[in-house]
Amino acid sequence: MDNGDIESGDDEFQSRMPGGRKYRPVVANDRAVLEMSSIDPGSSSSEIHHSSLKKIKVGGQANMDPDAREGSAPPNAGANGLHRESKLELFGFDSLVNILGLKSMTEEQTAAPSSPRDGEDVTITDGRLKGNDLKLGTMMGVFVPCLQNIMGIIYYIRFSWIVGMAGIGESLLLVAFCGSCTFLTGISLSAIATNGAMKGGGPYYLIGRALGPEVGVSIGLCFFLGNAVAGSLYVLGAVETFLKAVPAAGIFRETITKVNGTVTPEPIQSPSSHDLQIYGIVVTILLCFIVFGGVKMINRVAPAFLIPVLLSLVCIFIGGFLAGTDKPSVGITGLNITSFKENWSPDYQTTNNAGIPDPDGKSYWNFNALVGLFFPAVTGIMAGSNRSASLKDTQRSIPIGTLAATLTTTALYIISVFFFGALATREKLLTDRLLTATVAWPFPAVVYIGIILSTLGAALQSLTGAPRLLAAIANDDILPILNYFKVADGNEPYIATVFTSLICIGCVIIGNLDLITPTITMFFLLCYAGVNLSCFLLDLLDAPSWRPRWKFHHWSLSLLGASLCIVIMFLISWSFTVVSLALASLIYYYVSIKGKAGDWGDGFKSAYFQLALRSLRSLGANQVHPKNWYPIPLIFCRPWGKLPENVPCHPKLADFANCMKKKGRGMSIFVSIIDGDYHELAEDAKTACKQLSTYIDYKRCEGVAEIVVAPNMSEGFRGIVQTMGLGNLKPNIVVMRYPEIWRRENLTEIPATFVDFINNCTIANKAVVIVKGLDEWPNEYQRQYGTIDLYWIVRDGGLMLLLSQLLLTKESFESSKIQVFCIAEEDSDAEGLKADVKKFLYDLRMQAEVIVVTMKSWDVQAEGASPPDDSLEAFNAARKRVADYLADMKEAAKRDGTPLMADGKPVVVNEQQVEKFLYTTLKLNSTILKYSRMAAVVLVSLPPPPVNHPSYFYMEYMDLLVENVQRLLIVRGYRREVVTLFT
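A brief report on the enclosed structure follows. Everything quoted here is computed from the prediction, not taken from an experiment.

Checked against the element boundaries, V769 lands in strand β13 (residues 767-772). As a C-alpha pair, V769 and L939 span 170 residues in sequence and 9.5 Å in three-dimensional space.

What follows concerns the pairing of strand β9 (residues 633-636). Both faces of β9 are covered, namely the face carrying P633 and I635 and the face carrying L634 and F636. Pairing between β9 and strand β12 (residues 733-737): three bridges, direction parallel. Paired with L634 across the two strands is V734, which belongs to β12. Pairing of β9 with strand β10 (residues 668-675) involves three bridges; the strand directions are parallel. For I635, the partnering residue across the bridge sits in β10 and is F670.

Ranked by size, the top nonpolar core spans 146 residues in total, and within it Y155, L370, F374 and Y413 carry the most contacts. Sort the elements by how many residues they give to this core and helix α9 (residues 159-193) lands first, with 19 residues. Apart from the residues lying within four places of it in its own chain, the contact partners of L370 are W161, I162, M165, A166, L174, Y348 and W365. Judged by nonpolar contacts, the second largest core, of 64 residues, contains I758, I770, A878 and L922.

Tallied over the full model, the rule gives six cavities of 30 Å³ or more. The volume enclosed by the largest cavity comes to roughly 80 Å³. In terms of lining residues, the largest cavity is bounded by F636, C637, R638, P639, W640, H650, L653 and R737.

The next subject is helix α7 (residues 138-150). At V144, α7 shows its maximal bend, which comes to roughly 30 degrees, and the proline P145 appears one to four places after that position. Most of α7 sits out of view: eleven of its 13 residues are buried. Among all positions of α7, only T138, G141, V142, F143, V144, P145, C146, L147, Q148, N149 and I150 are buried.

Counted by the stated rule, this structure contains 35 aromatic pairs. Taken together, a centroid distance of 5.8 Å and an interplanar angle of 35 degrees make the contact between Y155 and Y413 tilted. With a gap of 258 residues between them, Y155 in helix α8 (residues 153-157) and Y413 in helix α17 (residues 394-421) connect regions that are remote in the sequence. Each of the two residues, Y155 as well as Y413, counts as buried.

What follows concerns unusual backbone geometry. Of note, the bond from W441 into P442 is cis; its omega dihedral lies within 30 degrees of zero at 5 degrees. With respect to the helices and strands, the residue P442 is situated in the loop between α19 (435-439) and α20 (445-475). Although it is not a glycine, N765 sits at a positive phi angle of roughly 60 degrees. The phi dihedral of N964 is positive, around 65 degrees, even though this residue is not glycine. Secondary-structure assignment places N964 in the loop between α35 (951-962) and β20 (968-972). Owing to a relative accessible area of 56%, N964 belongs among the exposed residues under this scheme.

Tracing the chain through its elements places T577 in helix α24 (residues 574-594). For T577, a relative accessible area of 0% corresponds to the buried category. Separated by 2.6 Å, the side chain of T577 and the backbone oxygen of M569 make a polar contact. Excluding residues that lie within four positions of it along the chain, T577 makes contacts with M522, M569 and F570.

Here we take up the pairing of strand β11 (residues 703-710). Of the strand pairs in this sheet, β10 and β11 are connected by eight bridges, and their pairing is parallel. Considered in β11, the bridge of I674 is made with V709.

Right, let's get into the environment of I473. Along the chain, I473 turns up in helix α20. Considered as a pair, I473 and G208 are 265 residues apart in the sequence and their alpha carbons are 9.7 Å apart. Not counting the four nearest positions on each side in its chain, I473 is found in contact with Y204, V217, G220, L221 and L482.

Calculation criteria
- Residues numbered from 1 in each chain as written.
- Predicted model: local features only at pLDDT ≥ 70, side-chain atom pairs only at ≥ 80, totals over all residues.
- Heavy atoms only, no water.
- Helix = DSSP H or I, 4+ residues; strand = E, 2+ residues; numbered from the N terminus.
- Buried < 20%, exposed > 50% of the residue type's maximum accessible area, 1.4 Å probe, protein only.
- Pairing = 2+ DSSP bridges.
- Core = buried A, V, L, I, M, F, W, Y, C linked by side-chain atoms within 4.5 Å.
- Contact = heavy atoms within 4.5 Å.
- 1 Å grid on protein atoms, 1.4 Å probe; cavity = no way out; pocket = protein on both sides within 12 Å on 5 of 7 lines; lining within 4 Å.
- Points joined across faces, edges and corners; volume = space filled by probe spheres on them.
- Bend = angle between axes of the 7 residues up to and from the residue.
- Phe/Tyr/Trp six-rings, centres within 6.5 Å; stacked < 30°, edge-to-face > 60°.
- Polar contact = N/O pair within 3.5 Å; in protein donor to acceptor, adjacent residues only side chain to side chain.

This is the structure in structure tokens:
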């Protein structure tokens, strides 16, 4: 692109502030906009001034002023133009103009941005987001689909039968009970739907973003199955109505049922189940082909499906009012107070599979069973949320349209209860399953046509919505097994449609409405419970991001709605409830095991965060009681040498960190330090932190990763031990690897850094565990059979004892036994010391063998002691290196005329004390090799660095201590107890 080629609009406006100064809005040719748009996000401040201007397009097409092409201020900038532009350059308004496309910035009519799919970028063209045209309003986008889905087959062929079975009183209770459940769910849905932009998936999207991907996928798949099965319900209803209206169309012989104990003169005829199956399969296949034509076709014919429904309702009520004057059929009394009184109380009976009263029937009906039969008549409130991508104003249309449809249908049901209860005798209500057609004016065919078209329309909606729900779940890429159902944006989910049709055909083959409806009820109730629980959780947590536009909601209403859903599930059938919950639990478990992790900012994460904050506050700043003490290790990952490329830390560090936890409970903090300037290396630190986090997850270690940028390793570590953690959740143990390679690779800076680390931990009151032999540390599958030997020399608050017990809880060390070696001088009471230690371990509930090792005085000069023969070579080599280093220091001090200097500070060297320390560490090493050569792991107290000794000398002491010991933990406690004798 050539510099300075800029396209923008000419329109500008001015606004006058109270002070009288004139300000103009940001326009495309402002120098600030030009400069900010040309800055690369990763560029440093020094590169910004030398970056070239890029070709950008902010607004519509317009000719540019020549001055603007040079990046200068436009002619109307005024005297204060440069000052004003520097402010705009500072705040970087160009990012708002290009990314959000704000009208106030560009004077363009841009579409409101919708939320992109998680992990994807927003595609911008001329300040507008690419997406579907938003056309549907509240009426056609939400109210009509919800009304069409709610008003279905149950009302036409089952509602009058329900009134006859339950009576008017309990029918009103039934309608109020089920209607309250869906109304409360509608309130919860309104609150969640108005808390931000919605994408495809309807309730799955809402539940998943509120309760997490595992819950969202499990309930979403159940809701998909519910929609697929509901399609078969509508198909069977349409076929049954057709065969009832046209008996000659039946292929097989009709089922004839005689009503026992009634005065009905003619037998009751029901369509053959084989006819229902054959016609149902054919209709399902035809609907599948229609769905392949696309959702636009279905949206266009939706009014054509709804108008016959409304017309049939009018005909039913007109026929009911005229029933008393037009020669009614037997059992039709017209609107009669006598019938109303007789039908007020319930009359639950036993029926056959067709619902006809029969004393020898296998189906006994009660209120609970009727809840399962009627509840599908109030479902369908999610139809509007499923169309969120096609709505002009999602946050206005969904609440108004959904709740209006719910209240309208509930009111219709309540009126119909009184209407049917006063219209016919109970016998007629129970035996005439198409009473609505019998009383319809002017002829029953109107109702037959209305039933068929309404059910086919509802079936089309189910076969259209269910595949898109499945495709939305697949597109979120949570379950790899669903990748076959993925579709690109704007494409039809053909594979998901075929799969949905196969499920629908399978349910059609069952051919029994009364067996299908409880299954649908469970799946829909499970979804509604998920929506209510989502709103309950979000409302209760009340996070800053929870700002729904729908204000008429409360967590208690959502909790009541969820409770009603669960109660209704168990009222219908506890067995179906257990099966549906088990299915959802299996899906949840499968998603948690096989699914890909995704952070959707769900309510559970917010709950964990608030719980952590509350727990942190409740812990206070006081020291934790020893009974409640947990090790929180700070794992120092930076190696003393170099690791292979893309290896964030030593592969065995996480294995060792897991050994410091009981049954995996606890938290580890993995830290590393990058030397350099933070401004320059901030992005490198983020990349390194991601790599370290990936390593921790791969090793299945409960911990977090932190990367610190500091001028040098000592400064970074000093900042870490001071500031890492919050309150009582600060790390209390620093774990690092022993620098075994420092002399081999001549890393002369390591001794000073190592000693500085130990001193910093002592000052910060942190315990220290230094691991020697980390390369040989066993993983969880390598079982160890040697002993765990403790060389308990100094008081450490019981940390060494506690670490040995934690090691025993791991599979790799569970076969080991603990040996405690107590170091005592030759003239001390060894037996008394052994008895005291045994009693102490018994009170601590720790099983260990106690061994007292006596040594002579460690004063070399006074006793004339000499090192053992087998260690004489190592001792003499260490003594020679120390003497050479001391001679170099003296020579440098004499040359410079300064006191003895080491590590940049003056030191005082007592040669006799140095030799004593060398002998002491060598003697302890000889003891360890004598008693613990075959031990699985050895724990020994960490000697503190002597004051005013060079760090090089301390490394010589430590090298003698760890010589030839394969696996060693050097432990230093801190100023508090971590074990207690008391309960």
